Amino acid sequence: MAPPSRRVAFSAKAKKKQLQNKREENRERDKGDGDFLEKRKKNYVAQHLLTNDSQVAAGPSMEAINLQPGTGRNVNRFNLKFHVESKEEIEARKEIARQAIVPEAESGLELGTDFCFVPGLEFPQRPKWDYNLTQQKLDMKENKYFREYIDEIEKSFPLAELSYFELNLETWRQLWRVLEMTDILLVVIDSRFPSLLFPPSLYNYVSQHLKRDVILVFNKIDLVPASVLAAWKHYFQTQFPLLRIVFFTSLPSYNLRDGGSKSGMKTQRRKGTMKMAAEGAQKLLEVCEDICGTQVDLSAWRSKITEEMALKGDDEEVEIGELIQQVKKPDVGFHQQERFQSGMLTIGCVGQPNVGKSSLINALMGKKVVSVSRTPGHTKHFQTIFLTPNVKLCDCPGLVFPSQLPRTLQVLVGSYPIAHLREPYTAVGYVGKYLNLPELLKMGHPSGEKATEGQEWSAYDICEGWAIKRGFMTKRAARPDVARSANHLLRLILEGRITLYLRPPNYKAEESKWQSHPDVAEITNIQALGQMKDDGWLEAAAEVVEEEDSNEESEEEEDDESEEEQVPASSNKFALLEDDD
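Thresholds, definitions, all that
Residues numbered from 1 in each chain as written. Predicted model: local features only at pLDDT ≥ 70, side-chain atom pairs only at ≥ 80, totals over all residues. Heavy atoms only, no water. Helix = DSSP H or I, 4+ residues; strand = E, 2+ residues; numbered from the N terminus. Buried < 20%, exposed > 50% of the residue type's maximum accessible area, 1.4 Å probe, protein only. Salt bridge = Lys/Arg side-chain N within 4 Å of Asp/Glu carboxyl O. Pairing = 2+ DSSP bridges. Right-handed = clockwise from strand over helix to strand, strands pointing away. Phe/Tyr/Trp six-rings, centres within 6.5 Å; stacked < 30°, edge-to-face > 60°. Lys NZ or Arg CZ within 6 Å of the ring centre and 35° of its normal. Expected span 1.5 Å × (residues − 1). Polar contact = N/O pair within 3.5 Å; in protein donor to acceptor, adjacent residues only side chain to side chain. Core = buried A, V, L, I, M, F, W, Y, C linked by side-chain atoms within 4.5 Å. Contact = heavy atoms within 4.5 Å. Disulfide = S-S within 2.5 Å. Arc of directions from axis to C-beta. pLDDT = per-residue confidence, 0-100. Patch = residues over 30% accessible without salt bridge, like charges linked within 9 Å, V, L, I, M, F, W, Y side chains within 5 Å. Areas by Shrake-Rupley, 256 points an atom, 1.4 Å probe, with all protein chains shown as cover. Lys, Arg positive; Asp, Glu negative; His and termini not counted. Charge placed at Lys NZ, Arg CZ, Asp CG, Glu CD. Axes fitted to C-alpha atoms, helices over the stretch in contact; angles between N-to-C directions. Parallel < 35°, antiparallel > 145°, perpendicular 65-115°, else oblique. Left-handed = near helix turned anticlockwise from the far one by under 90°. Nonpolar A, V, L, I, M, F, W, Y, C, P; charged D, E, K, R; others polar.

Explain the overall build of the protein to me, and be specific about the residues and the numbers.
On a plain count of helices and strands, the protein comes out with 19 helices and 11 strands. By the burial criterion, 53% of the 581 residues in the protein qualify as buried.

The structure is reproduced here in structure tokens:
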């Protein structure tokens, strides 16, 4: 047996060579060579598309997120891959960020699915095959199909009009595998941006071609008013008749503790031990029972939910290895699935990055069985979890579907890692159009002028003012660190502490109708409001305590083991000496 391959160190010499190549590429771009863009468009797939014997690399037209040094083909096999914006595009957006923000009406947030998902931008579907094909020929066929798929999109849509979307074939193979083995597909979306995260092409393929049932799960409903959610439910049922809708939150009130208030704004924090989100799980169970009928016995699942609702929060220890099967070598071969085979229900869980798929699974289990992170692309490959002996959940990696969603909005919905942003200010400016961020964050203008009612703010001013308030300064010149401040604000928005949410078309005109809609009571029950004193919405809040960006939620849970301690976690030893403004 051959010894395992050894990882090659990424030496200083290799790093120097990498920087030299990057400078050469920048010089070529700055020369304004007319062939440069065309060359980039033609070669980015051919150079960087994953095959079974090629190494992942990032080039001048493609960026691989969280790229790791190494020579083995599996080192970066499942990394997210996106287009890289040109230097001219970045500079143009920086100029826009310095212009005064013009407030817009709430009607600007009324967006339907046709805003970004247009005909011709379907997701890649697995090409036809048969058992006579060898593994190598099948790989070649899929690679050829994927190249042609990308080329067709390029011919139909200008590169500047396309959003960032997944260019890694290996990640799409994970989706194909999940779709083939699933009986019921859960499409998980963030309730703040439903129309931007639900691809109609996926719904049409699963419901019409695969003849599978699709359940749309509105996750994070604790961040959106119940009347808006009721309106979204009516919108999706009208647009997609075969769609079933379930509301869910991984953080009902009994999984939160009141974190106190600072600067007059409320914050809430997760408890050290979490219970099953039983209200949302019960609604999901009812829909699955309606679909399965007598073909699958779901009594064990119902008993589990009933017992959890009767408990007062004492969690028993669990052996994670008995519950989760992580596919170390993902099987992406064809799988001929017989529906409800041997009385087993397989539920696929699909969605774009940062919508909370893994958190949903943890909340259904009442235990942490899947690691989670705010960084898109954290889940590398699909993994199966047994909820009961005959109910299997299959968690798919987050996939960024092709669309015409503006890239500024794509940052806000969490599809692109904030740490990799080259220009974060316009995303802050978009939020500033609909929310009065200076008033919300209680900060003064960076020019030092007294606050007035009609005072003009640009996105850059907001970031600079927040840097001054928080004490974010550059090391050498001691100037406000505007880039760090912008990233921090975007993280507060992504976490829901500064809350921006979309409305369905014509919501404002019918707002009173939805506020008194019968579905509001059901949604409020799932949020479990009123089960904890002084609950309320997770309002727009910006806690004035610096938080390090955590790759895994488990680190936060370790900090929260003591439920009685109300001191917020901070890496700054002197943060507790700050005055409450």
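Describe the pattern of salt bridges, with residues and values.
In total, this model carries 16 salt bridges according to the counting rule given. With a shortest N-O distance of 3.2 Å, glutamate 180 and arginine 126 are connected by a salt bridge. Of this pair, glutamate 180 sits in helix α5 (residues 169–181) while arginine 126 sits in the loop between α3 (87–97) and α4 (135–156); the two residues are 54 residues apart in sequence, bridging distant segments of the chain. Here glutamate 180 and arginine 126 have matching classes, each one buried. Taking the shortest distance from any N to any O, the salt bridge between arginine 244 and aspartate 290 comes out at 2.7 Å.

Any details on the pairing of strand β5 (residues 244–247)? Residues and values, ideally.
Across 4 bridges, the pairing between strand β4 (residues 213–219) and β5 is parallel. When the sheet's bridge partners are listed, phenylalanine 218 is paired in β5 with phenylalanine 247. Each parallel crossover has a hand, and for β4 linked through helix α8 (residues 226–239) to β5 it is right-handed.

Would you mind going over the packing of aromatic side chains in detail, with residue names and values included?
Under the definition given, this model contains 19 aromatic pairs. Ring centres of phenylalanine 123 and phenylalanine 401 lie 5.9 Å apart, and the angle between their planes is 65°; this geometry places the pair in the edge-to-face category. Note that phenylalanine 123 is positioned in the loop between α3 and α4 and phenylalanine 401 in the loop between β11 (391–395) and α12 (407–412), a separation of 278 residues in sequence. With respect to class, phenylalanine 123 is no different from phenylalanine 401; both count as buried. Between phenylalanine 236 and phenylalanine 240, the ring centres sit 6.0 Å apart and the planes meet at 25°, which makes this aromatic pair stacked. You'll find phenylalanine 236 and phenylalanine 240 in the same group, each marked buried. By the ring-pair criterion, three or more aromatic residues cluster together here, those being Phe198, Tyr203, Phe218, Trp232, Tyr235, Phe236, Phe240 and Phe247. Taking NZ or CZ as reference, arginine 98 lies 3.9 Å from the ring centre of tyrosine 460, over its face. Sitting above the plane of the tyrosine 164 ring, arginine 407 keeps its charged end 4.8 Å from the centroid.

Can you explain α5? Please cite residues and give values.
The terminal C-alpha atoms of α5 lie 19 Å apart, and with 13 residues this matches the ideal 18 Å at 1.5 Å per residue to within 8%. At the N-terminal boundary of α5, the capping side chain belongs to asparagine 168, with an oxygen 3.0 Å from the backbone nitrogen of glutamate 170.

Run through the nonpolar core, naming residues and quoting values.
The biggest cluster of nonpolar side chains holds 136 residues, and the ones touching the most others in it are Ile215, Phe218, Phe236 and Trp301. Those residues in contact with phenylalanine 218 that sit more than four places away from it in its chain are Ile189, Ser191, Pro194, Leu229, Trp232, Phe236, Ile245, Val246, Phe247 and Phe248.

Talk me through the pairing of strand β10 (residues 383–388); I want residue IDs and the actual numbers.
Across the 6 residues that make up β10, a large majority, 5, are buried. With antiparallel pairing between neighbouring strands as the criterion, β10 and β11 make up a hairpin whose turn holds 2 residues.

Could you give an account of the environment of valine 187, with specific residues and numbers?
Take valine 187: it is sitting in strand β3 (residues 184–190). The exposure class of valine 187 is buried, given its relative accessible area of 2%. Put simply, valine 187 and glutamine 352 are 165 residues apart on the chain and 8.9 Å apart in space, counted from C-alpha to C-alpha. The contact partners of valine 187, leaving out residues within four places of it in the chain, are Phe198, Leu202, Val214, Ile215, Leu216, Val217 and Val350.

How would you explain the state of the cysteines if you had to name every residue and give the values?
Applying the stated criterion across every chain yields a total of 0 disulfides. Take cysteine 288: it sits in no disulfide, and the sulfur closest to it among the cysteines is that of cysteine 292, at 6.0 Å. Classification of cysteine 288 as buried rests on a relative accessible area of 0%.

Kindly report on helix α18 (residues 519–527), identifying the contributing residues and their values.
Within α18, burial applies to Asp519, Val520, Ile523, Ile526 and Gln527. Taken end-on, α18 shows its buried residues confined to a sector of 125°, consistent with a single buried face. Its buried side turned inward, α18 meets α8, β5, α9 (278–292) and α17 (511–515).

Explain unusual backbone geometry to me, using residue names and the numbers behind them.
Positive phi, close to 60°, is recorded for lysine 211, a residue that is not glycine. For lysine 211, the position within the fold is in the loop between α7 (200–209) and β4. Overall, lysine 211 belongs to the exposed group, its relative accessible area being 58%. Positive phi, normally seen in glycine, also occurs at alanine 478, with a value near 55°. Along the chain, alanine 478 turns up in the loop between α15 (459–470) and α16 (482–495). Relative accessible area serves as the criterion here: at 53%, alanine 478 is assigned to the exposed category.

Report on the confidence of the model for the protein, specifying residues and quantitative values.
Taken as a whole, the protein shows an average pLDDT of 75; of its residues, 68% reach a score of 70 or greater. Note on residues 36–60: pLDDT under 50 across the span, and 63 contacts to partners over four residues away in sequence or across chains. Taken together, the stretch residues 269–273 has pLDDT below 50 and engages in 29 contacts with residues farther than four places along the chain or on a different chain.

Talk me through a positive patch on the surface; I want residue IDs and the actual numbers.
There is a patch of like positive charges on the surface, built from Lys15, Lys22, Lys94, Arg98 and Arg422. Residue position: lysine 15 is located in helix α1 (residues 12–30).

Help me get a handle on the packing of α9 against helix α10 (residues 299–310), residues and values and all.
The interhelical angle for the contact between α9 and α10, taken along N-to-C directions, is 160°, at an axis separation of 10 Å. Taken together, the axes of α9 and α10 are roughly antiparallel relative to one another. You can see that α9 and α10 cross each other, and the crossing is left-handed. Of the residues in α10, those touching α9 at Ala278, Ala281, Gln282, Leu284, Leu285, Glu286, Cys288 and Glu289 are Trp301, Arg302, Ile305 and Met309. Looking at the contact of α9 with α10 residue by residue, the classes come out as 8 nonpolar, 1 polar and 3 charged.

Give me the environment of valine 296: which residues, what numbers.
Positionally, valine 296 belongs in the loop between α9 and α10. Sequence separation between valine 296 and glycine 343 is 47 residues; the distance between their C-alpha atoms is 4.9 Å. The contact partners of valine 296, leaving out residues within four places of it in the chain, are Phe340, Gly343, Met344, Leu345 and Asn390.

For the packing of α8 against α18, give the residues involved together with the corresponding values.
Packing of α8 against α18 brings their axes to within 9 Å, and their N-to-C directions diverge by 115°. For the element pair α8 and α18, the recorded crossing hand is right-handed. From α8, Ala226, Ser227, Leu229, Ala230 and Lys233 reach across to α18, where they touch Asp519, Val520, Glu522, Ile523, Thr524 and Gln527. Tallied by class, the residues present in the contact of α8 with α18 amount to 5 nonpolar, 3 polar and 3 charged.

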